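Analysis of the macromolecular model
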Amino acid sequence: YMESVQSVSWKSSKPAVADIDENGLITVASEDASGAVKFTLTVTALNGKKSTAAFTMKFGIFTTALDLAVTMPDGTVTDDLSDLYVIGGETLTFAGSCVPENVTTNGVVWSVADKTYGAISAKGVLKTKAVNNPTEFIVIAESKDGYVGYEIAITLMPKQVSTPDGMMDALL
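Residues numbered from 1 in each chain as written. Predicted model: local features only at pLDDT ≥ 70, side-chain atom pairs only at ≥ 80, totals over all residues. Heavy atoms only, no water.

Quick notes on the nonpolar core
- Ranked by size, the top nonpolar core spans 24 residues in total, and within it F94, W110, L126, V139, I152 and I154 carry the most contacts.
- At the level of elements, β6 (65-71), β8 (84-87), β9 (91-99), β10 (108-112), β13 (135-143) and β14 (149-157) are the ones that each hand at least two residues to this core.
- Not counting residues up to four positions away in its chain, the partners in contact with L126 are E90, T91, L92, F94, V112, A119, I120, F137, V139 and I154.
- Of all hydrophobic cores here, the second largest spans 5 residues; its members include I20, V37, F39 and L41. (Core = buried A, V, L, I, M, F, W, Y, C linked by side-chain atoms within 4.5 Å. Buried < 20%, exposed > 50% of the residue type's maximum accessible area, 1.4 Å probe, protein only. Helix = DSSP H or I, 4+ residues; strand = E, 2+ residues; numbered from the N terminus. Contact = heavy atoms within 4.5 Å.)

What about the sheet that holds strand β5 (residues 50-58)?
- A sheet is described by the order of its strands in space; here 3 strands give the open sequence β1-β4-β5, paired in antiparallel fashion. Edge strands, defined here as strands with exactly one partner in the open sheet, are β1 (8-12) and β5. With direction set aside, neighbouring strand axes in the sheet form an average angle of 25°.
- As paired elements, β1 and strand β4 (residues 36-45) share 5 bridges and run antiparallel to each other. Among the inter-strand pairings, V8 is bridged to a residue of β4, identified as A45. (Pairing = 2+ DSSP bridges. Axes fitted to C-alpha atoms, helices over the stretch in contact; angles between N-to-C directions.)

Overview of the environment of S121
- Position of S121 relative to the elements: it lies in the loop between β11 (118-120) and β12 (125-128).
- Each C-alpha atom, one on S121 and one on T93, is 9.4 Å from the other, the two residues being 28 residues apart in sequence.

Here's the deal with the packing of aromatic side chains
- Evaluation of the coordinates by the stated rule reveals 3 aromatic pairs.
- Between F62 and Y147, the ring centres sit 4.5 Å apart and the planes meet at 40°, which makes this aromatic pair tilted. One end of the pair, F62, is in the loop between β5 and β6; the other, Y147, is in the loop between β13 and β14, and 85 residues separate them in sequence. (Phe/Tyr/Trp six-rings, centres within 6.5 Å; stacked < 30°, edge-to-face > 60°.)

Things to note about unusual backbone geometry
- Following V99, the chain continues into P100 via a peptide bond in cis, with omega recorded as 0°.
- Within the secondary structure, P100 sits in the loop between β9 and β10.
- Although it is not a glycine, D83 sits at a positive phi angle of roughly 55°.
- With respect to the element layout, D83 can be found in the loop between β7 (77-78) and β8.
- A relative accessible area of 66% places D83 in the exposed class.

Digging into the pairing of β13
- Bridge analysis of β10 against β13 gives 5 bridges, and the strand direction is antiparallel. In the sheet register, V108 faces β13, and the bridge partner there is S143.
- Bridge analysis of β13 against β14 gives 8 bridges, and the strand direction is antiparallel. Considered in β14, the bridge of E142 is made with G149.
- Turn length for the β13-β14 hairpin, with the two strands adjacent in sequence and antiparallel, is 5 residues, and the turn residue G146 shows positive phi of about 80°.

Here's the deal with the side chain of S12
- Summarising the element assignment, S12 is placed in strand β1.
- On the basis of relative accessible area, S12 is assigned to the buried category, the value being 6%.
- A distance of 2.4 Å separates the side chain of S12 from the backbone oxygen of A18, its partner in a polar contact.
- Residues within four places of S12 in sequence aside, it is in contact with A18, D19, I20, F39, T40 and L41. (Polar contact = N/O pair within 3.5 Å; in protein donor to acceptor, adjacent residues only side chain to side chain.)

A few points about the sheet that holds β13
- Taken in spatial order, the 4 strands of this open sheet run β8-β14-β13-β10, and their pairing is mixed. Strands with a single pairing partner mark the edges of an open sheet, and in this sheet they are β8 and β10. Neighbour-to-neighbour, the strand axes of the sheet open up by a mean angle of 30°, direction not taken into account.

See the structure below:
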């Protein structure tokens, strides 16, 4: 078995930015304005066979959680995003922030899974559409750095039409 193990040599395409030693340990000296380092490593076996791989390493403080809340159509604010029900056609406003607060790329990106039942703005304002039957609708909150995302299920309810007493009996 030991006879099949070969020594290799390593080479970085940008040794001033990201260098690699004889044991394969990468040392990063600097990053670009986006907080990332891009480089290619080449490994060469004693028999001359080579293999290369491209790398992008990101640096910074990344999001570990999102702190989310919603303002309901009646003006109440809640951070309990389970069991949300709203009449289709109403508007809700979501707010969110990244945890920890000092993340390198802060902010929340809002989207919806299906635009059939509503749309959400970049500021988290969700305008739902009227429905005829209870319908589940998904709002997606994702950290701008892409490390954390949540799906928030909302049940859209049809608007109930009230009728004077006896009106339904007269119609039947």
